[in-house]
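Structure assessment
Next come the chains, spelled out residue by residue.
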Amino acid sequence: MTILPPPPIAGRKPHQSTHHGVTITDDWAWIRDPGYPEVTDEEVLDYLKAENAYFEAAMAPHAELVEGLFQEMKGRIKEDDSSPPLKDGDWLYWSAFKEGTQYRLWYRRAVAGGEDQLIFDENAEAEGKEYFRLGAFAVSPDGRLLATLVDDDGSERFKLVVRDLGTGKDVETVTAVGIGQPVWTSDSAGLVFTEVNDQWRSYRARYHRIGADPLAAVTIYEETADIAFSVNVGRTTDDCFILVATGNNSSNEVRFVPADNPYAPLTLIRPRTADVQYEVDAAHGKLWILTNDDHVNFRIASADPAAPADWTTVIAGSDRTYLRGIASHRDHLLITSRVDGLDQLVLRDYTTGGEHRIPFAEASYSAGFSGNPDFAPDAYRLHYSSMVTPATAFDYHPADDRLEVLKVQEIPSGYDASKYVTDRLMITARDGKKVPVSVLRLKESKLDGSGKLFVYAYGAYGYAIPPSFATGRLSLVDRGVAFAIAHVRGGDDLGYQWFLDGKLKNRTNTFNDFVDVTRGLIDAGYAKPGQVAAQGGSAGGELMGAVINQAPELYGAVVADVPFVDVLATMLDDTLPLTPGEWTEWGNPIEDGEAFELIRSYSPYDNVTAQAYPPLLITGGLHDPRVTYWEPAKWAARLRATKTDDNLLLL
């Protein structure tokens, strides 16, 4: 038996602040380095290093198991894998991995035929770097130049570099603080791109003409009215317009400029309105618009680019059908929707208005259109999987209503789908709402309470966790653990209202849903209390923190990845990069006393109490710009100082 050294204890240094007449004492505020984003305070670093050392000591006895699991999971991954080629203009593009490498290789081949060309090798680019991430990849319309965004230090500030594909040489670095996807002008003469400021806010769109001084790039739009709004750029499917959008989590506005003349004045489609969102594409001389301006589940409208604010309804909003995305190609308007929580892919004829839904056989699955950069393809690329069906790439041929299988995810170590079964449950929450749950388990498992259960959720920003395939979870399921996804409010699983019912004043619904789902699964025989593990990350990590404050007795282990647990302090600090943009999700406790009290009532860090907590693994990243490192670190420190149990807590 291995005896662990005592866990690290972070000293208390009371720090007080007063808001709305309430004084808050934070004994671990010092863990935030005042020089952030640089972290140089030796006391802070020593504490974090001590936590890492304690983690390593706790995991050392399990090294053999960890390595065995790693090899088991690795055995399910085809190392020398590649994606099906996708047509874009005169070229077919695809990516591939070679055995033993960590990063992709990017290839192309002329549609007319010829040799395969390696145009970008991420492994070569990453050589000698401690960190490498390719953030964007865009070939110019004439096929001569490649624009990439690369982050080589984890800061999510990307270098935008242009490479000559003829010579393989980089010709210029456009910016060192890029983000998002750059857009080429239709004549391949230049790029429209976005940049972040010192607060990591995507605040402006600029145009750079190839060959000109990058410092002379023209700012075509800068967001100055609202620091909560972020700027991004795109291009319509028909390649006629470059789009510049600015918005937060609940509202936005879009402008456009001809793709062949980025110097032209931007045309605003409709000005921003609180809680109204819209996205835009173009085809056949019309703008095609998806918006929630008159129905919570969105409608589809069209407009003349000469009168872009005059919208004509094409498909009205529906209580049952949640319209989620559009892409306007030459022959069809592609519509992504969700009905009763299930993905639907629909092709709509522009002339007749006739619609065709692509059918899928399974009762629960995840499906979506996959890019389709060509304006006039013969077939539409889409992806599909379920909790038991590996990821499959299809081409759908509308001419003969045919799904062509291009690639099925290969599992080298073997996979027998017949061993598994999926359950779709609707569990009643405490307020009467029915919460969907997707479960993967061994077919031979018994629902008599003798098993173990793993429950995962996110529950924020309208992001639904799809019931899709993932090889890693098989290591749990093969050992008799049922894997459940709780489709709690805060995601948009059952429509946009499902999202609204888990944000702002409704935030606690998300936490209650997760606890009630856990209890419902226990009642259904999946496990007994204490035989349930739970996991969530970021906003899902906040969910974990709230859940273990509310019902710690249900869980035998909890993993909180980069958890957003110091909600009140973060939302009170408008100097942090993301805070202003987050107020529409959580509320603004600086100006709103009710928001302050609500957040204070559930913020996991502020509600740690002297009770027994389950064993915990908490993770964080020193340079994470989204959930700053001190949130998980402060939370771990307060838990250690407050909880009444001897259960393991690792950071």
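Look a little higher up for the structure.
Everything in this summary refers to the structure shown in the same document.

Our focus in this paragraph is the sheet that holds strand β19 (residues 286–291). If you walk across this open sheet you meet the four strands as β18-β19-β20-β21, and the pairing is antiparallel. Two strands lie at the open edges of the sheet, namely β18 (278–283) and β21 (307–315), each paired on one side alone. Going from strand to strand, the sheet's axes swing by 30° on average, the running direction of each strand aside. Here five bridges tie β19 to strand β20 (residues 299–304), and the two strands are oriented antiparallel to one another. The residue bridging L287 from the neighbouring strand is A303, located in β20.

This next bit is on the nonpolar core. With 91 residues, the main nonpolar core has I31, Y47, L453, F514, L521, Y555 and W635 as its most contacted residues. Among all residues touching L453, those that are not within four sequence positions of it are V481, A482, A484, L521, Y526, A527, Q531, V532 and A533. Among the nonpolar cores identified, the runner-up in size contains 16 residues, and F158, V162, V174 and W184 belong to it.

Unoccupied space between atoms shows up once a probe the size of one water molecule is rolled over them. Under the definition given, this model contains two cavities of 30 Å³ or more. There is about 40 Å³ of room inside the largest cavity. Around the largest cavity, the lining residues are S364, S386, M387, T422, D423, R424, S438, V439 and P467. For the lining of the largest cavity, the element with the highest residue contribution is strand β30 (residues 420–428), accounting for three residues. Partitioning the lining of the largest cavity into residue classes produces three nonpolar, four polar and two charged.

Looking now at the side chain of E585. Counting through the fold element by element, E585 comes out in helix α9 (residues 579–586). The charged side chain of E585 is buried without a salt bridge, its nearest counter-charge being K503 at 4.5 Å.

With that settled, the discussion passes to the layout of surface pockets. Its boundaries defined by the atoms lining it, the second largest pocket holds a volume of some 1,200 Å³. Along its surface, the second largest pocket is lined by 35 residues, and L69, F454, L476, V559 and L617 are the ones closest to its centre. Elements with a minimum of two residues in the lining of the second largest pocket: α1 (42–59), α2 (63–74), β32 (452–456), α4 (474–477), β33 (481–486), β34 (532–537), β35 (555–561) and β36 (616–619). At five residues, α2 tops the list of elements feeding residues into the lining of the second largest pocket. Among the residues forming the lining of the second largest pocket, the class breakdown is 25 nonpolar, seven polar and three charged.

Right, let's get into the sheet that holds strand β16 (residues 252–258). With respect to topology, four strands assemble into an open sheet ordered β14-β15-β16-β17, the strand pairing being antiparallel. Strands at the two margins of the open sheet, each flanked by one partner only, are β14 (230–235) and β17 (267–268).

As a further point, take the pairing of strand β9 (residues 158–164). By the criterion of burial, β9 is predominantly enclosed, with five of the seven residues buried. In this sheet, β9 lies alongside strand β8 (residues 145–151) in antiparallel orientation, the contact comprising six bridges. Of the residues in β9, the one forming a bridge with V150 is K159. Looking at chain direction, β9 and strand β10 (residues 169–184) are connected through six bridges and run antiparallel. Across the sheet, residue F158 finds its bridge partner in β10, namely G178. Counting the residues in the hairpin turn of β9 and β10 gives four residues, including G168, whose phi is positive at 75°.

Once that is clear, we can look at the packing of aromatic side chains. Evaluated as defined, the whole model comprises 27 aromatic pairs. Centroid distance F454 to F483: 5.3 Å. Interplanar angle 10°. Geometry classified as stacked. Taken together, the residues F454 in strand β32 and F483 in strand β33 connect sequence positions 29 residues apart. Looking at F454, the relative accessible area reads 10%, which means it is buried. Using a relative accessible area of 7% as the deciding quantity, one classes F483 as buried.

Reading guide: rules and limits
- Residues numbered from 1 in each chain as written.
- Predicted model: local features only at pLDDT ≥ 70, side-chain atom pairs only at ≥ 80, totals over all residues.
- Heavy atoms only, no water.
- Pairing = 2+ DSSP bridges.
- Helix = DSSP H or I, 4+ residues; strand = E, 2+ residues; numbered from the N terminus.
- Axes fitted to C-alpha atoms, helices over the stretch in contact; angles between N-to-C directions.
- Core = buried A, V, L, I, M, F, W, Y, C linked by side-chain atoms within 4.5 Å.
- Buried < 20%, exposed > 50% of the residue type's maximum accessible area, 1.4 Å probe, protein only.
- Contact = heavy atoms within 4.5 Å.
- 1 Å grid on protein atoms, 1.4 Å probe; cavity = no way out; pocket = protein on both sides within 12 Å on 5 of 7 lines; lining within 4 Å.
- Points joined across faces, edges and corners; volume = space filled by probe spheres on them.
- Nonpolar A, V, L, I, M, F, W, Y, C, P; charged D, E, K, R; others polar.
- Lys, Arg positive; Asp, Glu negative; His and termini not counted.
- Salt bridge = Lys/Arg side-chain N within 4 Å of Asp/Glu carboxyl O.
- Phe/Tyr/Trp six-rings, centres within 6.5 Å; stacked < 30°, edge-to-face > 60°.

Just distances and angles here, no functional claims.
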